[in-house]
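These are the residues of each chain, in order.
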Amino acid sequence: MDNDRLRSVFTQLLVNKGIVPVEHFPQENRIVFKLLPSIEDRAKIRFLLGKQVQFVSGTEEEVERLTKLWRSKLTPQLESGADSFDVDNEYLEDLASEAPVIRMVNHLMERALDLNASDIHFEPEETALVVRCRVDGVMVEIERLSSKVTPAVASRLKLMAKLDIGEKRLPQDGRIQYNIGTRALDMRVSTLPGVHGESIVLRILDRSDTGVSLEHLGMPSDVLEKYSDIIRQPFGMILVTGPTGSGKTTSLYGTLEKINTGTQKIITVEDPVEYQMSGITQIHVNPKIGLTFAAGLRSIVRQDPDVILIGEIRDHETASIAIESALTGHLVFSTLHTNDAAGAITRLQDMGVDSYLISSSLLGIMAQRLVRRVCKHCSHEVDLTEEESRLLGISSEIKIKRGKGCDRCGSTGYRGRVGIYELLIMSDDIRHVIGSGGDANAIRVQALKENMRTLRQDALEKLYQGVTTPEEIVRVTRAI
């Protein structure tokens, strides 16, 4: 069986049905499938190939190892009709609904999902459409297509997101509901006009992936114990800080999962609602109709909640209502974009919140980041170099682990991510520093005296355990 001929047959019959071959053995006329084709499709394959083919159902391991390979092999076949995509703008809507474009876009999205990407970026250049994904926080190029497909791909994505195909001068935002197998995905779509066409980014939210647990996020046992104590307080405010993509929302959902015993009324106001949880009232922010965090929060407090989660504190009004709620008998959770735990206090002060209100309402602040895990399947022990020892300020005699690179990790040496944490518990001495007008550095010094473990210290602990690498620690904690 010729590979090109085989690929053509699979493209015609099976790709749209999700029945993708994972391996074939030419000498034996045997093809391994994740799902066996129907009897009708098997007959078509035998007819088109002109051979008596044996169909065998593959094992889970075979499927995991080889599905990615077949997706990459199919891309040239799907792109072969690129010349037909080069049409006038008035025909783009019709073109975006045609099978070749649908197959190409679906195929690219599924390749990204094979890598467990969190974002998919379609980036037009002068001579190419570059498709990149964010995998474990790092950008990875998965395809470079002809620039002729750019208008068709952009139109298809905008059609799926129910956006205006004709509007290419202004940014647009939308959503795509996408199902692949048993996974229900919600993709947030953002378009941005560029010199060579519209840059489109898809943020992937997996609705079926709701298993969030604090115990599996990588929090050290002593930090988890202290954090578990403060989240069970009857009232007060707890903040989780860090840059975009540092896992703040996941930590907060894990927190709600831990305290959601059915004996409390829990309400959230989010932008967007990333995970749907039973037993919790969740509100989606919509600024276009005036439903902001502050407006939603004002209504929430009239619903008699015990626990309130605010997706993010962005302004003085939201901060003031959140602190007032914490002082009047509610347990409030929220996030801030700051580099470390102590910086959250000065950020609230910059928003115009009085220091005495901050010190009275805050229970604790947790700063966090995500570092990539060393792949368990190809990890091996190596020596720390002198340069790495100097950068991290640790002994060069320490043994660490690195990944060699394998099929399971995409030859990167990393697979998955783990959190690093810094938990600042409000004490009487820290409250005194805040009330005395102390800055973030003074608050941090006092917290360190009280044995607070910093982000860098937690990261180094994970290095010693063989969980991550020096490069990851430097990359993630460089600015801290």
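The coordinates are above.
Below is a summary of the structure that appears in this document. As a convention, each chain's residues are numbered from 1 in the sequence order in which they are written. This being a predicted model, a pLDDT of at least 70 is required before a residue's local features are given, and a value of 80 or more before pairs of side-chain atoms are given or counted; all residues contribute to the totals for chains, interfaces and linings. Computation of side-chain values covers all heavy atoms of the structure but excludes hydrogens and water.

## What to know about the overall build of the protein
Piece 1. The way it works is that DSSP assigns letters per residue, a run of H or I at least four long becomes a helix, a run of E at least two long becomes a strand, and they are numbered from the N terminus. Summing up its helical and strand segments, the protein has 17 helices and 18 strands in all.
Piece 2. Exposed residues in this analysis have more than 50% of their type's maximum accessible area, buried residues have under 20%, and partly exposed residues fall in between, with area computed by a 1.4 Å probe over protein chains only. Evaluated residue by residue, the protein yields a buried proportion of 51% over its 480 residues.
Piece 3. Contacts spanning at least 24 positions in sequence make up 62% of the contacts within the protein whose residues lie at least 6 apart.
Piece 4. In short, Shrake-Rupley with a 1.4 Å probe defines the accessible areas, and a residue's cover is counted only from the protein chains shown. Accessible surface, the protein: about 22,700 Å² in total, of which carbon and sulfur atoms supply 46%. Residue contacts are defined here by distance: any two heavy atoms, one from each residue, within 4.5 Å place the two residues in contact.

## Overview of the pairing of strand β5 (residues 128–135)
Piece 1. Of all eight residues in β5, six are buried; the element is thus mostly enclosed.
Piece 2. Examined bridge by bridge, strand β4 (residues 119–124) and β5 share six bridges and lie antiparallel to one another. The residue of β5 that forms the bridge with Ile 120 is Cys 133.
Piece 3. Two strands qualify as a pair provided DSSP detects at least 2 bridges between them. Between β4 and β5, which follow one another and run antiparallel, lie three residues.
Piece 4. Sheet analysis places β5 next to strand β6 (residues 138–146), joined by eight bridges and oriented antiparallel. Across the sheet, the residue bridging to Arg 134 is Met 139, located in β6.

## Here we look at the pattern of salt bridges
Close approach of charged atoms lets side chains of opposite charge pair.
Piece 1. The term salt bridge refers to a pairing of a side-chain nitrogen on Lys or Arg with a carboxyl oxygen on Asp or Glu at a separation within 4 Å. Tallying each qualifying case throughout the model produces 22 salt bridges.
Piece 2. Here Arg 298 ties to Glu 317 by a salt bridge, and the two come within 2.3 Å at their closest N and O atoms. Placement of the pair is Arg 298 in helix α9 (residues 293–300) and Glu 317 in helix α10 (residues 316–327), with a sequence separation of 19 residues.
Piece 3. Given the relative accessible area of 39%, Glu 317 is considered partly exposed.
Piece 4. Within this structure, Glu 125, Glu 141 and Arg 144 form a network of salt bridges that share partners.

## Overview of helix α15 (residues 440–449)
Piece 1. Buried residues of α15: Ala 440, Ile 443, Arg 444, Gln 446 and Ala 447, and no others. The arc enclosing the buried residues of α15, seen along the axis, measures out at 165°, which places them on a common side. Away from the buried face of α15 by more than 90 degrees, exposed residues Asn 441 and Lys 449 are located.
Piece 2. Contact partners of the buried residues in α15: α11 (341–350), β18 (414–425) and α14 (428–435).
Piece 3. Positive backbone phi, at 70°, marks Asn 451, one or two positions downstream of α15. In this description, the arc belongs to the directions extending from the helix axis to the C-beta atoms.

## Considering the sheet that holds β18
Piece 1. With mixed pairing, seven strands are arranged side by side in an open sheet as β12-β11-β13-β14-β10-β15-β18. Across the chains shown, the open sheet's two edge strands, defined by having one partner strand only, are β12 (281–284) and β18. Along the sheet, successive strands turn relative to each other by an average axial angle of 20°, direction set aside.
Piece 2. Note: strand β10 (residues 236–241) against strand β15 (residues 362–374), five bridges, orientation parallel. Bridge pairing in β15 links Leu 239 to Ile 365. Each axis is a line fitted through C-alpha atoms, and for a helix only the stretch in contact is used; angles between axes span 0 to 180 degrees, taken between their N-to-C directions.

## Let's talk about the packing of helix α5 (residues 99–114) against helix α6 (residues 150–160)
Piece 1. Remark: α5 packs on α6, axes separated minimally by 10 Å, with the N-to-C direction vectors making an angle of 80°. The orientation of α5 with respect to α6, classified from their angle, is roughly perpendicular. Here α5 contributes Val 101, Ile 102, Met 104, Val 105, Asn 106 and Met 109 to the contact with α6, which in turn contributes Ala 152, Val 153, Arg 156, Leu 157 and Met 160. Roughly parallel covers angles under 35 degrees, roughly antiparallel covers those over 145, roughly perpendicular covers 65 to 115, and oblique covers all other angles.

## Observations concerning the sheet that holds strand β8 (residues 183–194)
Piece 1. In space, the six strands of this open sheet follow the order β6-β5-β4-β9-β8-β7, with antiparallel pairing throughout. At either margin of the open sheet sits one strand with a lone partner, and together these are β6 and β7 (172–180). Neighbouring strand axes in the sheet, compared pairwise and without regard to direction, differ in orientation by 20° on average.
Piece 2. The pairing of β8 with strand β9 (residues 197–206) spans ten bridges and is classified as antiparallel. Bridging across to β9, Asp 186 finds its partner in Leu 205.

## Re the pairing of β7
Piece 1. Along β7, the buried face is formed by Gln 172, Gly 174, Ile 176, Tyr 178 and Ile 180; none of Asp 173, Arg 175, Gln 177 and Asn 179, which line the opposite face, is buried.
Piece 2. In terms of strand pairing, β7 meets β8 through nine bridges, oriented antiparallel. Residue Arg 175 lies in a different strand from β8, and its bridge partner there is Arg 188.

## Notes on the packing of α11 against α15
Piece 1. In contact at an axis separation of 8 Å, α11 and α15 are set at 145° when each is read in the N-to-C sense. Handedness of the α11/α15 crossing: right-handed. Across from Ala 342, Gly 343, Ile 345 and Thr 346 in α11, the residues of α15 making contact are Ala 440, Ile 443 and Arg 444.
Piece 2. Residues that form the contact of α11 with α15 fall into these classes: four nonpolar, two polar and one charged. With the far helix as reference, a near helix turned anticlockwise by less than a right angle produces a left-handed crossing, and one turned clockwise produces a right-handed crossing. When residues are sorted by character, Ala, Val, Leu, Ile, Met, Phe, Trp, Tyr, Cys and Pro go into the nonpolar class, Asp, Glu, Lys and Arg into the charged class, and all the rest, Gly among them, into the polar class.

## Notes on the nonpolar core
Piece 1. Within the largest apolar cluster, 55 residues are counted, with the highest numbers of intra-cluster contacts made by Met 237, Leu 239, Ile 313, Leu 348 and Leu 424.
Piece 2. Setting aside residues up to four positions removed in sequence, Met 237 forms contacts with Ile 313, Ala 322, Ile 323, Ala 326, Val 332, Leu 348, Ser 361, Leu 362, Leu 363 and Gly 364.
Piece 3. Here the nonpolar core consists of buried residues drawn from Ala, Val, Leu, Ile, Met, Phe, Trp, Tyr and Cys, with membership extended through side-chain atoms lying within 4.5 Å. The next biggest cluster of nonpolar side chains, apart from the first, holds 33 residues, and it includes Leu 113, Ala 154, Met 160 and Tyr 178.

Keep in mind that these numbers describe shape and distance, not what the molecule does.
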